[in-house]
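Summary of structural features
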Amino acid sequence: MDQKEDKLDVIIFGASGFTGKYTIFEGIKLLEGLRWGIAGRSRDKLRQTLAEIEKKADKDLSEVPIFTADLKDVESLKQMAARCKVLINCCGPYRFYGEPVVKACIEAGTHHVDVSGEPQYMERMQLEYHQQAQERGVYVVSACGFDSIPADMGTVFLEREFDGVVNSVETYLQVTSKIPHDGGAVLHYGTWESAIYGLAHANELRPLRTQLYKTRLPNFQPRLKDRMVMHKASFLNGWWAVPFPGSDRSVVMRSQRHFYDAEKKRPIQMKAYVAFESLLTVLGVALVAVVFAIMCRFKFGRQLLLKYPKLFTLGFASHEGPSEKSMENAQFAIYFRGEGWNKEEKLLEPTDQFKSPPTKKIVTKVSGTNPGYGATCVALILSALTILRESDKMPGSGGVYPPGAAYAKTSLIEQLCKNGFTFEVIKQSNN
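Since the model is a prediction, treat every value here as computed from it, not as a measurement.

**A look at empty space enclosed by the protein**
Empty space among the atoms becomes apparent when a probe as large as a water molecule is rolled across them. Summed over the entire model, instances satisfying the criterion amount to 1 cavity of 30 Å³ or more. There is about 40 Å³ of room inside the largest cavity. As for the largest cavity, its lining consists of R95, E118, Q120, Y121, S194, Y197 and G198. For the lining of the largest cavity, the elements supplying multiple residues, two or more each, are α7 (119-136) and α9 (189-200). Per-element accounting of the lining of the largest cavity gives the leading share, 3 residues, to α9. Grouping the constituent residues of the lining of the largest cavity by class yields 2 nonpolar, 3 polar and 2 charged. The residue makeup of the lining of the largest cavity includes at least three contributed by each of domain 1 (8-141) and domain 2 (149-374 + 412-430).

**Topic: the UniProt feature "transmembrane region" (unreviewed entry) in the protein**
Taken from the UniProt record, the annotation "transmembrane region" (unreviewed entry) applies to residues 273-296. End C-alpha atoms of residues 273-296 are separated by 22 Å, and the span's content is 75% helix alongside 17% strand.

**Description of α9**
Compared with the 16 Å implied by 1.5 Å per residue over 12 residues, the 17 Å span of α9 between its first and last C-alpha is a close match. Among the residues making up α9, those that are buried are Y189, W192, E193, S194, I196, Y197 and G198.

**So, the side chain of S383**
Relative to the helices and strands, S383 resides in helix α16 (residues 371-390). You can call S383 buried: its relative accessible area is 0%. If sequence neighbours within four positions are ignored, S383 has contacts with V113, C144, I149, Y407 and L412.

Reading the values: the criteria
- Residues numbered from 1 in each chain as written.
- Predicted model: local features only at pLDDT ≥ 70, side-chain atom pairs only at ≥ 80, totals over all residues.
- Heavy atoms only, no water.
- 1 Å grid on protein atoms, 1.4 Å probe; cavity = no way out; pocket = protein on both sides within 12 Å on 5 of 7 lines; lining within 4 Å.
- Points joined across faces, edges and corners; volume = space filled by probe spheres on them.
- Helix = DSSP H or I, 4+ residues; strand = E, 2+ residues; numbered from the N terminus.
- Nonpolar A, V, L, I, M, F, W, Y, C, P; charged D, E, K, R; others polar.
- Domains from an automatic or database assignment.
- UniProt positions renumbered as here; feature names shortened; annotations may be inferred.
- Expected span 1.5 Å × (residues − 1).
- Buried < 20%, exposed > 50% of the residue type's maximum accessible area, 1.4 Å probe, protein only.
- Contact = heavy atoms within 4.5 Å.

If you want it as structure tokens, here you go:
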């Protein structure tokens, strides 16, 4: 049989981990009719995981192929990558474990998607492997989970609906629950660990970006200014908003840079915020954030944060992660507030400046349930399927991309809407 024909469509790597398990569970429905398998370090653990999910999903998974691959064994990674068309990589933190898998996939000619929310890892992969991936015809797309599909594809959606030139977007993340908080964790330890190392090495980003982008973007006007550190979002029923420290902004800005470089399109400026219902919650979060930021600067501080996640997050992060019940009842919404000009005012060159202030506004929204794991795993699998089915609508013949740049011209938004996400326009107005 032809080797290419013999390949599975998808392999889920890191399948016995927290995110991996939920990816298998969502994959039962989303990968139906495709040939898929799972991989990880321990065959016994993988068998155990399949048995667990069989029970939960009431589905026979005995025919699912199992592959063993170890991050310390480069040959085993290459063999695993060679067995599929797209590899779904659930092994984080990617700062430590991502690069060998990306390298193996590029060598094997296999596409790669992951759920990294780690800007240093994503931007370094783009810097070091973009050209190789292009030459091999391989797509490497990170941030395919809750970080940062809703923000990046939500910005693409807003621009589609705007019918004009968008100058700026401000995003506001709201997470709520249909049931009272049960006192358990909201984050799994892996997410907490990634955040610690991400902040500890934030100083790596500036030199990375200097190498990644040899020229600076023009100074587009009007500049989108930062809002006060803490401000009331009147359009969110008076919820309090603070800057969102996640990877959304860096991912969206990379997509916008791609559109400017590849399509000569004026890039959208973007700022991200997260909203809380009460001032007391904001103050509590701010206190944890200050302690976290100080401790991340020192090795001893990082060791304490890693050793006692429950203590330093007031119970919000743990090795066990959130309970099934709390995840199923969690809901998220990201509101996008865009400003720009009507299409009649379009400029000849993307570097030209408008002579008048923005004349048009739009508010859009992306929402769904179980942001951390359910929505993340659905978005991750659909990202992989989009490469399988619509690579002809993706940029070039391969490369390392953020999701907005990779999937802007595909049907990913429509597929997300068929699987639990909602993308909608709330209102549009002219000034």
